[in-house]
Amino acid sequence: MIRILLTGTALAASLAASVAMASPGHGDGIGEPGNAAQVNRTITIEMDEMKYSPETMEVPPGETIRFEVVNVGRFVHEFNIGTSETWNSHLGEMQTMMREGMMSARSINHDRMMEAGMMHDDANSVLLEPGDTGEVIWTFPEGGEIGFACNVPGHREAGMVGDFRMGHDT
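Report follows, based on the coordinates. Keep in mind it's a predicted model, so treat the numbers as computed, not measured.

## Points about the overall build of the chain
Logical step 1: Looking only at helices and strands, the chain has three helices and ten strands in total.
Logical step 2: Starting at the N terminus, the α and β elements of the chain follow one another as α-β-β-β-β-β-β-α-α-β-β-β-β.
Logical step 3: Within the span of the chain, comprising 170 residues, buried residues form 44% of the whole.
Logical step 4: Of the contacts made within the chain by residues no fewer than 6 positions apart, 74% connect residues no fewer than 24 positions apart.
Logical step 5: As presented, the chain carries roughly 8600 Å² of accessible surface, and 48% of it is formed by carbon and sulfur atoms.

Following this line, the structure appears as structure tokens:
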């Protein structure tokens, strides 16, 4: 059996190609990065072991929301706005990050991520160590079924998923 291990530039190029297919603005219908000056409201999301609080949020089409995301758990967690399709395409990147030592269950190795050219800095997502806080500013689409999930290997499968209900009033 031949095993090919991509490192450095080759790894970054391979992952960039797979992430580009799932990135906002590629016809995936999940909305787009929001402008801070147009934020309608701020919602605080807490991430704990295999759950979000709140787990469901009502959002009107076109609304721009600032999500203040707080990891109150003991493990690395991600808040990623998307769909099952976008999360499935992102899963390989997250598995590579674990396998290549860019993150562990409890920490993120930012230096190693920089070396590999993978900064996990997509506008629809934030990856946080325990105790850290991050921000996502997002403008919601006119329709569609989107949610949020943690793509750290095993977390989404354990139920770390939430839903946006596309409504007309908040």
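## Re the nonpolar core
Logical step 1: If you look at the biggest cluster of nonpolar residues, it comprises 33 residues, and the most contacted ones within it are Phe-67, Phe-79 and Phe-164.
Logical step 2: The set of elements that each furnish at least two residues to this core consists of strand E2 (41–48), strand E4 (56–59), strand E5 (64–71), strand E6 (77–82), helix H2 (84–99), helix H3 (110–116), strand E7 (125–128) and strand E8 (133–139).
Logical step 3: Setting aside chain neighbours within four positions, we find Phe-164 in contact with Met-57, Val-59, Phe-67, Phe-79, Ile-81, Phe-140, Ile-146, Gly-147 and Phe-148.

## Considering the pairing of E4
Looking along a regular strand, one sees side chains alternate from face to face of the sheet.
Logical step 1: Judged by which residues are buried, E4 turns out to be one-sided: Met-57 and Val-59 face inward and are buried, whereas Thr-56 and Glu-58, on the alternate face, are not.
Logical step 2: Judged from the four bridges that link them, E4 and strand E10 (residues 161–166) form a sheet pairing that is parallel. When the sheet's bridge partners are listed, Met-57 is paired in E10 with Phe-164.

## Things to note about unusual backbone geometry
Logical step 1: With an omega of 0 degrees, the peptide bond running from Ser-53 to Pro-54 counts as cis.
Logical step 2: With a phi close to 65 degrees, Met-50 is a non-glycine residue in the positive phi region.
Logical step 3: Here Met-50 shows up in the loop between E2 and strand E3 (51–53).

## Remarks on the sheet that holds strand E1 (residues 32–33)
Logical step 1: Taking strand neighbours across the sheet as the criterion, the five strands line up as E1-E8-E5-E2-E3 in an open arrangement whose pairing is mixed. Of all strands in the sheet, those with a lone pairing partner are E1 and E3, marking the two edges.
Logical step 2: Pairing of E1 with E8, which is carried by two bridges, proceeds in the antiparallel orientation. Looking across to E8, one finds that Pro-33 is bridged to Trp-138.

## Quick look at the packing of aromatic side chains
Logical step 1: Taken as a whole, this structure holds eight aromatic pairs when the rule is applied.
Logical step 2: Judged by centre distance (5.2 Å) and plane angle (50 degrees), the ring pair of Phe-67 and Phe-79 falls under tilted. Taken as a pair, Phe-67 in strand E5 and Phe-79 in strand E6 lie far apart in primary sequence, twelve residues in all. Of the two residues examined, Phe-67 and Phe-79, each falls in the buried class.
Logical step 3: Between Phe-67 and Phe-140 the ring centres are 6.1 Å apart and the planes differ by 75 degrees, which places this aromatic pair in the edge-to-face class. Within this pair, whereas Phe-67 is found in strand E5, its partner Phe-140 is found in the loop between E8 and strand E9 (147–149), the two being separated by 73 residues in sequence.
Logical step 4: Overall, the relative accessible area of 3% leaves Phe-140 in the buried class.
Logical step 5: By way of ring pairs, the aromatic residues Tyr-52, Phe-67, Phe-79, Phe-140, Phe-148 and Phe-164 are connected into one cluster.

Cut-off values and rules
Residues numbered from 1 in each chain as written. Predicted model: local features only at pLDDT ≥ 70, side-chain atom pairs only at ≥ 80, totals over all residues. Heavy atoms only, no water. Helix = DSSP H or I, 4+ residues; strand = E, 2+ residues; numbered from the N terminus. Buried < 20%, exposed > 50% of the residue type's maximum accessible area, 1.4 Å probe, protein only. Contact = heavy atoms within 4.5 Å. Areas by Shrake-Rupley, 256 points an atom, 1.4 Å probe, with all protein chains shown as cover. Core = buried A, V, L, I, M, F, W, Y, C linked by side-chain atoms within 4.5 Å. Pairing = 2+ DSSP bridges. Phe/Tyr/Trp six-rings, centres within 6.5 Å; stacked < 30°, edge-to-face > 60°.

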